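Listed here are the chains, written in short residue letters.
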Amino acid sequence: MRTIIARLAIPASLLAMALAGCAPAPIYKPTANTVAVPPAQVAREPERYGTSDVIWGGRIVQVRNFNDHSEIEVLAYPLDSSQRPKANDSGNGRFIASMPGYVESLDFPAGGMVTVAGRLNGTRSANVGQAPYTFPLVSVNQSHVWTAKEMSGGHPNVSFGVGVGVIR
């Protein structure tokens, strides 16, 4: 019995390592000042989080360009272990990502998925439709707009069986 278990242990470990290698690593490294709270919580208690660092992501709602900076309104979603927004999850509020200079709206398309790393910089009251809303403001240090391939990547494309199959 021990021989069978020993023989199966090595292939099982190799399979586990191969499957773990399919998930991309996080793109941003948290700092000592990074807080893991959703934007909705920061909007409720902005004074509690001050100028903490955050790594947030979600669906791009719109881009607004100003003379010296651009603002990207984002509907926040939780992030997976690779820091990709989990769009099939419930939203975590909205936030405004502030970036220096001009941001091309074609590079940050409405409906696209984005992850940003930056520092909290207060809040702003505005409306979402007719409803009043408090937006946490994030001064962005780094950002990544996810492609459709990146969003679907990281899931192992492994199957077991006998027969013929087609991969699309």
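Quick note: structure is the one above.
Only a predicted model underlies this, so the values are computations on that prediction, with no experimental measurement involved. (Residues numbered from 1 in each chain as written. Predicted model: local features only at pLDDT ≥ 70, side-chain atom pairs only at ≥ 80, totals over all residues. Heavy atoms only, no water.)

Examining the overall build of the chain
Note the cut-off: Secondary structure follows DSSP: runs of H or I at least 4 residues long count as helices, runs of E at least 2 residues long count as strands, and numbering of each begins at the N terminus. Partly exposed describes any residue whose relative accessible area lies between the buried limit of under 20% and the exposed limit of over 50%, with all areas from a 1.4 Å probe on protein chains only and scaled to the type maximum. Residue contacts follow a heavy-atom distance rule, with two residues in contact if any of their heavy atoms lie within 4.5 Å.
Check the secondary structure of the chain and you find four helices and five strands. Put simply, the chain runs from its N terminus to its C terminus through helices and strands in the order α-α-α-β-β-β-β-β-α. Counting the 168 residues in the chain, one finds 29% classified as buried. Within the chain, contacts between residues at least 6 apart in sequence are counted, and of these 61% link residues at least 24 apart.

A few points about the environment of Asn-88
Along the chain, Asn-88 falls in the loop between strand E2 (69-77) and strand E3 (94-100). Expressed as a C-alpha distance, the spacing of Asn-88 and Tyr-77, which sit eleven residues apart in the sequence, is 8.5 Å.

Some details on the sheet that holds E2
This is how the line gets drawn: Whether two strands pair comes down to DSSP finding at least two bridges between them. Interaxial angles span 0 to 180 degrees and are taken between N-to-C directions of axes, which are lines fitted to C-alpha atoms, for helices over the stretch in contact.
Reading around the circumference, E1-E2-E3-E5-E4 is the order of the five strands in this closed barrel, with mixed pairing throughout. Going across the sheet, the axis of each strand differs from the next one's by a mean of 45°, ignoring polarity. Both E2 and E3 contribute to a ladder of seven bridges, which runs antiparallel. From the neighbouring strand, Val-74 faces E3, where its bridge partner is Phe-95.

Some details on the nonpolar core
Convention followed: Take the buried Ala, Val, Leu, Ile, Met, Phe, Trp, Tyr and Cys residues and link them wherever side-chain atoms come within 4.5 Å; each set so joined is a nonpolar core.
Within the largest apolar cluster, 20 residues are counted, with the highest numbers of intra-cluster contacts made by Trp-56, Ile-72, Phe-95, Phe-108, Leu-120 and Val-138. Of all elements in the fold, only strand E1 (53-65), E2, E3, strand E4 (113-128) and strand E5 (131-146) reach the threshold of two or more residues within this core. Ranked by residues supplied to this core, first place goes to E1 with four residues. Apart from residues no more than four positions distant in its own chain, Phe-108 is found in contact with Ile-60, Val-63, Ile-72, Met-99, Val-103, Val-114, Ser-143 and Val-145.

Re the pairing of E5
Direction of pairing for E3 relative to E5: parallel, over a ladder of three bridges. Bridging across to E5, Ala-97 finds its partner in Val-138. Sheet topology note: the E4/E5 ladder contains 14 bridges and is antiparallel. Directly across from Thr-123, in E5, lies its bridge partner Pro-136. Count of turn residues in the E4/E5 antiparallel hairpin: two residues, of which Gly-129 carries a positive phi of about 65°.

Some points on the side chain of Thr-115
As a reminder of what qualifies: Polar contacts here mean pairs of N or O atoms no more than 3.5 Å apart (in protein, one a potential hydrogen donor and the other a potential acceptor; neighbouring residues in sequence count only if both atoms are side-chain atoms).
Note on placement: Thr-115 falls in strand E4. A distance of 2.6 Å separates the side chain of Thr-115 from the backbone oxygen of Gln-83, its partner in a polar contact. Of note is the side chain of Thr-115, whose polar atom sits 2.8 Å from the side chain of Trp-146.

Digging into the pattern of salt bridges
Quick note on the threshold: Salt bridges are defined by distance alone: a side-chain nitrogen of Lys or Arg within 4 Å of a carboxyl oxygen of Asp or Glu.
Going through the model one piece at a time under the given rule, you end up with seven salt bridges. Overlapping salt bridges bring together Arg-64, Glu-71, Glu-73, Arg-94 and Arg-124 as one network.

Focus: the packing of aromatic side chains
Using the following cut-off: Centre distance within 6.5 Å is the pairing criterion for rings of Phe, Tyr and Trp, where only the six-membered ring of Trp is used; planes under 30 degrees apart are then read as stacked, over 60 as edge-to-face, and the remainder as tilted.
Following the criterion strictly, the structure yields two aromatic pairs and no others. Residues Trp-56 and Phe-95 carry aromatic rings whose centres are separated by 5.1 Å and whose planes lie at 55° to one another, so their mutual orientation is tilted. Taken as a pair, Trp-56 in strand E1 and Phe-95 in strand E3 lie far apart in primary sequence, 39 residues in all. The two residues Trp-56 and Phe-95 agree in class, both being buried.

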